[in-house]
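Structural description and commentary
Chain by chain, the residues:
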Amino acid sequence: MISVNSLSKSFGKQEVLKNFDLVFSAGNSYAIMGPNGSGKTTLIKSILGMVLPDKGDIQIKSQSIQGNDTYRKHIGYMPQIGRYPQNIKVGQLFSMMKDMRPQVKDYDLDLVEAFELEKINQKAMSTLSGGTVQKVSAALAFLFHPEILILDEPTAGLDPIATEILKSKIAKERAAKKLILITSHILSDLEELTNHAVYIFEGKVFFDDSIDSLKDLTSEDKFSPAIAKLMQWTLNKRQPILV
Amino acid sequence: MRKLLKYALYDILKSRFALIYTVFLALVAISTYQVTEDMSKVSLSLMNILIMIVPLISAVFATTHFYNNLEFIELMLAQPVRRSQVFFSQLLAVVCMLSLSIILGFGLPMVLWGADSSLIMLLVVGIILSAVFTGFAFLASVLTRDKAKAIGISLALWIFFSLVYDGLVLYIIYTFADYPLEKATLAMVMLNPVDLGRILMLLQLDISALMGYTGAFFKQFFSGNLGTILAIGTLAIWILVPNYAAMSVFKKRDF
């Protein structure tokens, strides 16, 4: 569904993505991992069209995203830290987002109801706590039944109850064969929510295969030690493992 | 676009800054009206304040607003809307808020205590200068990645056009005092939106005679149709060029 073709991007002298190739296909849930500064965020922002690549191309549903803005209606994005206009109310934020996608009439209100967001409709965004803002971000990402979900550190800042609600919602969307991309440093979450691991190191894909084959390859039967081993290999500068 | 603008405007009008700015302008206007009954004196005093304050506030506020809204701008860019629409909604919201503050802050006292054509022109000049300096501020904001640097550039432009530029013009006039400088001065005035605003005001006040021979020349030039068209056209260019440049950079910028 998303194919990233020989994408290169530099910020000043620093080359963040180097001739980057990757394919995300529908029905899978991807864990995007990598150390800080490896290019995860740049990859996600390139897919969303916030970062414009120097070279290469991204295709979503076989359409190039360059100079295109309509493809974003297929994407639900939950930012790591959502910041919203401080003086507008929660209800207004929701109607504004709905106004941006006037063609969608059928909304997915699972999270709105589970997080009881109608109760705070009249509250200004500036009065909300960090966790509540995350709940709003999550509810907005799922609101339009998007085919692609991009979740950047989705559980950071959420309380345990909200985390479980969000996780079961993600599991539900997985069962509905949506394409889901999750970045997180919480490995237990990733193990629960994803079936495919992508490890990015220094702007290149270091590992891209199912979590089961990652476990086979590293001869570990748990996810965390398998990732730890992968990280050690990157430090020893092993060649990328492309299966 | 209209919907984006609606929410951006709603957010900005409810900000504390909008209220403080309006009240400040209203207090300035009210106290000026208390001092004198003479309309031309009122508008001259208000002009001197407006010419200094409006560009300063516009430059600083627009820059801070852009950077405070950066995360939200990013979120909007992840939605199916065009980049130019996101940019225009933010820009228009800032210009509308600044203009509305001037219209209410200066306009209400005018409704209460009367106004003449020069005071109406004052409002127009205030709105034009807000738009010009918001353009400068947005350009500085999209070109840098650092709030402090962007505010620095905006302030530098304000200092240049409000203070330094006049010094340079005076220096040139004194140095080349032996030559006929009317047309050269006119050209130099055109290159500074603040001066252009001031001239438009002074001509309304009919005190251009105070400015000597050059003033008389300006009067002759600007009173004609050609002069007014040229002055307004030049101000329009001063609004369009920085804003358009800011938009083209915004379209190609990484967030």
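Rules used in this analysis
- Residues numbered from 1 in each chain as written.
- Chains lettered and ligands numbered in written order.
- Predicted model: local features only at pLDDT ≥ 70, side-chain atom pairs only at ≥ 80, totals over all residues.
- Contact = placed C-beta atoms within 7 Å.
- Helix = DSSP H or I, 4+ residues; strand = E, 2+ residues; numbered from the N terminus.
- Nonpolar A, V, L, I, M, F, W, Y, C, P; charged D, E, K, R; others polar.
- Pairing = 2+ DSSP bridges.
- Axes fitted to C-alpha atoms, helices over the stretch in contact; angles between N-to-C directions.
- Buried ≥ 20, exposed ≤ 12 C-beta atoms within 10 Å, placed from the backbone.
- Expected span 1.5 Å × (residues − 1).
- UniProt positions renumbered as here; feature names shortened; annotations may be inferred.
- Parallel < 35°, antiparallel > 145°, perpendicular 65-115°, else oblique.
- Left-handed = near helix turned anticlockwise from the far one by under 90°.

What follows is about the interface of chain B and chain A. Listed as interface residues are 20 residues of chain B and, on the opposing side, 23 residues of chain A. Every element with two or more residues in the side of chain B that touches chain A is listed here: α1 (2–13) and α4 (70–77) of chain B. Split into classes, the residues belonging to the side of chain B that touches chain A amount to nine nonpolar, three polar and eight charged.

A separate point is the sheet that holds strand β8 (residues 179–183) of chain A. Residues and elements named next belong to chain A. On the basis of which strands lie adjacent, the open sheet formed by six strands has the order β6-β7-β8-β3-β9-β10 and mixed pairing. Single-partner strands in this sheet number two, and they are β6 (75–78) and β10 (204–210). This sheet shows a mean twist of 15 degrees between the axes of neighbouring strands, independent of strand direction. As defined by bridge partners, strand β3 (residues 29–33) adjoins strand β9 (residues 196–201) across four bridges and the pair is classed as parallel.

So, on to unusual backbone geometry. Residues and elements named next belong to chain A. Its identity as a non-glycine residue notwithstanding, Glu153 has a phi of 50 degrees, on the positive side. Turning to its location among the elements, Glu153 is positioned in the loop between β7 (148–152) and α5 (160–175). Within the chain, Lys177 stands out as a residue other than glycine whose phi angle is a positive 65 degrees. Residue classification places Lys177 among the exposed positions, given that 10 C-beta atoms sit within 10 Å.

Residue and element names in this part refer to chain A. Bridging between strand β1 (residues 2–11) and strand β4 (residues 55–60) involves five bridges; their strand directions are antiparallel. Following the sheet pairing, Ser8 is matched in β4 by Lys55. For β4 and strand β5 (residues 63–64), the ladder comprises two bridges, and the chain directions are antiparallel. Paired with Ile60 across the bridge in β5 is Gln63.

This part takes up helix α9 (residues 193–205) of chain B. Residue and element names in this part refer to chain B. Spanning 13 residues, α9 covers 19 Å between terminal C-alpha atoms, matching the ideal 18 Å at 1.5 Å per step. Most of α9 is tucked away: 10 of the 13 residues are buried. Among the residues of α9, Pro193, Val194, Leu196, Gly197, Ile199, Leu200, Met201, Leu202, Leu203 and Gln204 are the ones counted as buried.

Before going further, it helps to spend a moment on the UniProt feature "domain: ABC transporter" (unreviewed entry) in chain A. The UniProt record marks residues 2–227 of chain A with the feature "domain: ABC transporter" (unreviewed entry), using the residue numbering of this structure. Overall, residues 2–227 of chain A shows 33% helix and 27% strand. The separation of its end C-alpha atoms is 24 Å.

Residues and elements named next belong to chain B. At a closest axis distance of 8 Å, the pairing of helix α2 (residues 16–35) and helix α5 (residues 83–113) adopts a crossing angle of 30 degrees. Overall, the two elements α2 and α5 adopt an arrangement that is roughly parallel. When the axes of α2 and α5 are compared, the crossing they make is right-handed. On α5, the residues touching Ala18, Tyr21, Thr22, Leu25, Ala26, Ala29, Ile30 and Tyr33 of α2 are Met97, Ser101, Ile102, Leu104, Gly105, Phe106, Leu108, Pro109 and Trp113.

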